[in-house]
Amino acid sequence: SAVLIKANISDESSLSEVILKIKNPNNEIKETAMERFGEYYEYNYTDTGLLGEYRIELTAKDLYNNQAISNASFLIIDNIPPRIWNINIDPKEATKNQFVIISLNSNDDSDHPNVELKITKPDNSLQMQNMIRIADDMYAYTYRETDLIGLYKVLITSKDINNNEINYNTNFSVIDNLS
């Protein structure tokens, strides 16, 4: 998103120019003149695609070529968690020792998230597994340990590279084999 850079700059003899230099996290520099709006000089900076610190150097010159320099910085962070949707458990009701396939979609604006399963078996033992990315934003895992009859609680956690995460709770059941 855009960052509005705004400065209140004045001089007794009148300003001739206000130059803004912005250094992004990759040390690339953009230089531009700021525009005056009433009492303020402003610039709407839109090239904020990189996470990290952006350094600003503002140089104001008057008609006699006297100048003043001011420095500042701003930080672009990612605080948006990944998304999870299209969760499917097949079968939702399995028989003892039948494989259960858990699949879902998950994505993030920064990179492919890490998707983890925490499965609590009917005896309250806990198993943690990483889901396998099978396509761009599709993940799946085949759960093979359906040896106990009862409710299996599933906690799905999708976490991005900036440690933003989202959780989703679901479950499936294992019933006795029908003979």
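Just above sits the structure.
Report follows, based on the coordinates.

Brief notes about the pairing of strand S12 (residues 126-130)
In this sheet, S12 lies alongside strand S11 (residues 114-120) in antiparallel orientation, the contact comprising five bridges. The residue bridging lysine 118 from the neighbouring strand is methionine 128, located in S12. The loop that links S11 with its antiparallel partner S12 comprises five residues; one of these, asparagine 124, has a positive phi angle of about 70°.

Overview of the packing of aromatic side chains
This structure, assessed with the given rule, holds six aromatic pairs. Pairing tyrosine 54 with phenylalanine 74 gives two aromatic rings, centres 5.0 Å apart and planes at 5°, and the pair type is stacked. Taken together, the residues tyrosine 54 in strand S6 (residues 52-62) and phenylalanine 74 in strand S7 (residues 67-76) connect sequence positions 20 residues apart. Members of the aromatic cluster, connected to one another through ring pairs, are Tyr45, Tyr54 and Phe74. Here the basic side chain of arginine 83 rests over the ring of tryptophan 85, its NZ or CZ set 4.3 Å away from the ring centre. Just above the ring of phenylalanine 99 sits the side chain of arginine 144; from NZ or CZ to the centre is 4.9 Å.

The rules behind the values
- Residues numbered from 1 in each chain as written.
- Predicted model: local features only at pLDDT ≥ 70, side-chain atom pairs only at ≥ 80, totals over all residues.
- Heavy atoms only, no water.
- Pairing = 2+ DSSP bridges.
- Helix = DSSP H or I, 4+ residues; strand = E, 2+ residues; numbered from the N terminus.
- Phe/Tyr/Trp six-rings, centres within 6.5 Å; stacked < 30°, edge-to-face > 60°.
- Lys NZ or Arg CZ within 6 Å of the ring centre and 35° of its normal.

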